[in-house]
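So you can see what is in the structure, the chains are spelled out below.
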Amino acid sequence: MADEIAVDPAMGGKLRTRHRDRVIAELADRQHGVVARAQLLEMGLGRRVIDHRLKRGALHPVHRGVYAVGHRVLSMEARWMAAVLVGGEGAVLSHRSAAELWGMRTSTRSRIEATVPRRCHPRPGVQLHFVLVPFDEVTTVRGIPVTTVPRTVLDLAAVVGRRHVERALHEAEVRRLGDRLSLDDLVARHPGRRAWL
């Protein structure tokens, strides 16, 4: 089985042609049908192979460097994952979008919010926040890297009013969403954030 996704040294480490579709499909399956160009390059696909797949419609651009595999219709999870992929390694869904993923609030915003550890080019439909989120304030929900519930509430307090934050906190309690770190822990860790939390 391992040799089915092996690279061919005679091809300069490129994936063998007959295995490319399977490898791309497996990655896309783990990520709600979307992949990043950087991931495909890391897997051994060459730039020309990726460009050829774009031309023939096997990959569909979602954002610059992020593609839907074999389709154009994106679920909400795919849109969230695509926004995280925009930011690369260390990026996470955050703020209003994270609260929506957690089920703490609904949103009619078309822009998805992600927090990324380094500056990157803005993308239409994605609002990026630039900060390195500590590892213990990040988790994964439905395969999507996202801020923990307490960190989500802390971030939410920076972008919405008190009433919306209180509703999100109430919904988190009803859903019994919690984390090892409490909101009080995070407020102490991040002084200067909304004092009313």
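Residues numbered from 1 in each chain as written. Predicted model: local features only at pLDDT ≥ 70, side-chain atom pairs only at ≥ 80, totals over all residues. Heavy atoms only, no water.

Looking at the packing of helix 6 (residues 149-156) against helix 7 (residues 162-174)
The contact between helix 6 and helix 7 brings their axes to 10 Å, and the two run at 170°. With respect to each other, helix 6 and helix 7 are oriented roughly antiparallel. For the pair helix 6 and helix 7, the crossing hand works out as right-handed. Between helix 6, through Val149, Val153 and Leu156, and helix 7, the contact on the second element is made entirely by Val165, Ala168, Leu169 and Ala172. (Axes fitted to C-alpha atoms, helices over the stretch in contact; angles between N-to-C directions. Helix = DSSP H or I, 4+ residues; strand = E, 2+ residues; numbered from the N terminus. Parallel < 35°, antiparallel > 145°, perpendicular 65-115°, else oblique. Left-handed = near helix turned anticlockwise from the far one by under 90°. Contact = heavy atoms within 4.5 Å.)

A few points about the confidence of the model for the protein chain
In the predicted model, the protein chain carries a mean pLDDT of 87, and the fraction of residues at 70 or more is 89%. Low pLDDT, under 50, characterises residues 1-8; the stretch is placed with 17 contacts to residues that sit more than four places away or in other chains. (pLDDT = per-residue confidence, 0-100.)

Here's the deal with helix 4 (residues 76-87)
Over its 12 residues, helix 4 runs 18 Å from end to end, which matches the ideal 16 Å to within 8%, given 1.5 Å per residue. The buried fraction of helix 4 amounts to nine of the 12 residues, a majority that puts the element mostly inside the structure. For helix 4, the complete set of buried residues consists of Ala78, Trp80, Met81, Ala82, Ala83, Val84, Leu85, Val86 and Gly87. Among the residues trailing helix 4, Gly88 stands out with phi positive, at a value near 75°. (Expected span 1.5 Å × (residues − 1). Buried < 20%, exposed > 50% of the residue type's maximum accessible area, 1.4 Å probe, protein only.)

Remarks on the nonpolar core
Within the largest apolar cluster, 39 residues are counted, with the highest numbers of intra-cluster contacts made by Val34, Leu93, Leu101, Trp102, Met104, Ile144 and Val146. Counting 13 residues, the second largest nonpolar core, distinct from the first, contains Val35, Leu40, Met43 and Leu45. (Core = buried A, V, L, I, M, F, W, Y, C linked by side-chain atoms within 4.5 Å.)

Digging into the environment of Thr106
Within the secondary structure layout, Thr106 lies in the loop between helix 5 (95-102) and strand 7 (112-116). As a C-alpha pair, Thr106 and Arg96 span 10 residues in sequence and 8.4 Å in three-dimensional space.

So, the sheet that holds strand 5 (residues 66-69)
Strand order in this open sheet of three strands is 3-5-4, and the pairing throughout is antiparallel. The open sheet terminates on both sides in strands that have one partner only, identified here as strand 3 (34-36) and strand 4 (59-63). The mean inter-strand angle of the sheet, taken between neighbouring strand axes irrespective of direction, is 40°. Summarising the sheet, strand 4 and strand 5 pair through four bridges and their orientation is antiparallel. (Pairing = 2+ DSSP bridges.)

Here's the deal with helix 3 (residues 47-56)
When helix 3 is considered as a whole, its buried residues turn out to be Val49, Ile50 and Arg53. The arc enclosing the buried residues of helix 3, seen along the axis, measures out at 100°, which places them on a common side. In helix 3, the exposed positions angled more than 90 degrees off the buried face are occupied by Arg47, Arg48 and Lys55. Downstream of helix 3 by one or two residues, Gly57 has phi in the positive range, about 90°. (Arc of directions from axis to C-beta.)

Here we look at the layout of surface pockets
In this structure, the largest pocket spans a volume of roughly 530 Å³. What lines the largest pocket is a set of 27 residues, and nearest its centre among them are Val84, Leu85, Gly88, Glu89 and Gly90. Those elements that provide at least two residues to the lining of the largest pocket are helix 2 (37-42) and helix 4. A class-by-class count of the residues in the lining of the largest pocket yields 15 nonpolar, seven polar and five charged. (1 Å grid on protein atoms, 1.4 Å probe; cavity = no way out; pocket = protein on both sides within 12 Å on 5 of 7 lines; lining within 4 Å. Points joined across faces, edges and corners; volume = space filled by probe spheres on them. Nonpolar A, V, L, I, M, F, W, Y, C, P; charged D, E, K, R; others polar.)

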